[in-house]
Amino acid sequence: GLACEGLRPVVAIYSTSLQRAYDQVIHDVALQKLPVIFAIDRGGLVGEDGPTHHGTFDLSYMRIVPDLVLMAPKDEAELRHMMATALAYEDGPSALRYPRGAGVGVSLDGDATPLKIGKAEVLREGTDVALLAVGSTVAPALKAADDLAAQGVNASVVNMRFLKPLDTEVLDWAVRGHQRLVTIEENSVIGGLGSAVLEWTAGLDERPDTPITPIGIPDRFVEHASRDSLLKDVGLASESIVQRVVELMNPRALRAGS
């Protein structure tokens, strides 16, 4: 109702609570292309609050909503820019998704300015593997790239920023310039960033033969524990990413050393 009268509602809501209002997102907002902003708090794993409060499905179920712009910031500064992006977007709803807890500690100096919708950010360039990360997984992906370099694996790191629309230009660069792609997200491995990238490659006239491996939260309910423990459990800690990438890049050597 507020959006119909020309106001810009910002709905700040837990990821797990948004699931209960999903029908309203589709029929009351998206169907009418109303410029409502969904600020999705506690996206991903929330720690001791347990399986009823983990926000592990929102990237998947929001990505299928027509005319919705879906984004996730790598840090608190980018969150400000994404809010400015959402406020500037008037052609339909938008959603920005961020995790529980403190930010990573970057500076908040300067004005919040809109980002180019659907444009990713290449943070590091390599040739062996491209780590396509989104939201809270960008920082551990960068740390993993440093550790991989010490093991002789040259990794690119891309902050995808947007799950919808995808930056198909950076995806084309990544898939044609690396031996392998790995997507990384703190979301169910089904339906999120990895699925979006695989869907994109399936629609190409000439499909690249570059292997693509999604890393995300496994297809199961996650119990309660500290957030750090849970990230290790589901394979999203930086050391877990390193181990997985090394296995993917050189499985024979890994087996020989085991």
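All of these numbers come straight from a predicted model, not from anything done at the bench.

Engineer: Help me understand the pairing of strand E4 (residues 94–97) in this model?
Structural biologist: Looking down a regular strand, the side chains alternate between one sheet face and the other. Residues Ser 94 and Leu 96 line one face of E4 and the alternating positions Ala 95 and Arg 97 line the opposite face, and both faces are buried. You can see the chain leave strand E3 (residues 69–71), run along helix H4 (residues 76–88) and come back into E4, and the turn it takes is right-handed.

Engineer: Can you help me understand the pattern of salt bridges in this one?
Structural biologist: Any two side chains of opposite charge can pair, on the condition that their charged atoms come close. All told, the structure shown has 15 salt bridges when counted by the stated rule. Among the ionic pairs, Asp 146 bridges to Arg 124, the shortest N-O distance being 2.5 Å. Here the residue Asp 146 occupies a position in helix H5 (residues 138–150), and Arg 124 occupies one in strand E5 (residues 121–124), the gap between them amounting to 22 residues. Look at Asp 146 and you get partly exposed, because its relative accessible area is 45%. Residue Asp 172 is joined to Arg 176 by a salt bridge in which the shortest nitrogen-to-oxygen separation is 2.6 Å. Of this pair, Asp 172 and Arg 176 both sit in helix H6 (residues 168–177), separated by four residues, roughly a single helical turn. Since its relative accessible area comes to 30%, Asp 172 is described here as partly exposed. Taken together, the shared-partner salt bridges connect Lys 74, Asp 75, Glu 78, Glu 121 and Arg 161 into one network.

Engineer: Looking at this structure, I do not really get the nonpolar core. What am I missing?
Structural biologist: As a rule of thumb, nonpolar side chains are buried together in soluble globular proteins. In this structure, Leu 18, Phe 38, Met 62, Leu 132 and Met 160 are the most contacted members of the largest nonpolar core, which totals 37 residues. Looking at this core, the elements with two or more residues in it are helix H2 (22–30), strand E2 (37–41), helix H3 (58–63), strand E6 (129–133), H6 and helix H7 (193–202). The contact partners of Met 160, leaving out residues within four places of it in the chain, are Lys 119, Ala 120, Leu 132, Ala 133, Val 134, Leu 166, Val 170, Leu 171 and Leu 193. Among the nonpolar cores identified, the runner-up in size contains 26 residues, and Leu 45, Leu 231, Ile 241 and Val 242 belong to it.

Engineer: Just checking my understanding: could you explain the sheet that holds strand E7 (residues 155–159) for this structure?
Structural biologist: By definition, the strands of a sheet pair up through backbone hydrogen bonds, in either a parallel or an antiparallel sense. Sheet architecture is open: five strands sit in the order E5-E7-E6-E9-E10, paired in mixed fashion. Two strands lie at the open edges of the sheet, namely E5 and strand E10 (212–217), each paired on one side alone. Each neighbouring strand pair of the sheet contributes to a mean axis angle of 25 degrees, computed without reference to strand direction. Here five bridges tie strand E9 (residues 180–188) to E10, and the two strands are oriented parallel to one another. For Ser 188, the partnering residue across the bridge sits in E10 and is Ile 217. Contacts from helix H9 (residues 238–249) reach E6, E9 and E10 within the one sheet, and its direction differs from that of E9 by about 145 degrees.

Rules and cut-offs
Residue numbers here run from 1 along each chain, matching the order of that chain's written sequence. Note on the predicted model: pLDDT of at least 70 is required for a residue's local features to be given, and 80 or more for side-chain atom pairs to be given and counted; whole-chain, interface and lining totals, by contrast, use all residues. Note that water and hydrogens are dropped before the side-chain values are worked out from all heavy atoms of the structure. Residue burial is assigned from relative accessible area. The probe radius is 1.4 Å, only protein chains are included, and a residue is buried under 20% of its type maximum, exposed over 50%, and partly exposed in between. Secondary structure elements are defined from DSSP: runs of H or I of at least 4 residues count as helices, runs of E of at least 2 residues count as strands, and each element is numbered from the N terminus. By convention, orient the strands away from the viewer: a clockwise path from the first strand over the helix to the second makes the crossover right-handed. When a carboxyl oxygen of Asp or Glu is within 4 Å of a side-chain nitrogen of Lys or Arg, the pair counts as a salt bridge. By nonpolar core is meant a set of buried Ala, Val, Leu, Ile, Met, Phe, Trp, Tyr and Cys residues that side-chain atoms within 4.5 Å join together. Contact between two residues is taken to exist if any of their heavy atoms lie within 4.5 Å; hydrogens are not considered. Here, a strand pair is defined by DSSP locating no fewer than two bridges between the strands. To get an axis, a line is fitted to the C-alpha atoms, and for a helix only the part in contact is used. The angle between two axes follows their N-to-C directions and goes from 0 to 180 degrees.

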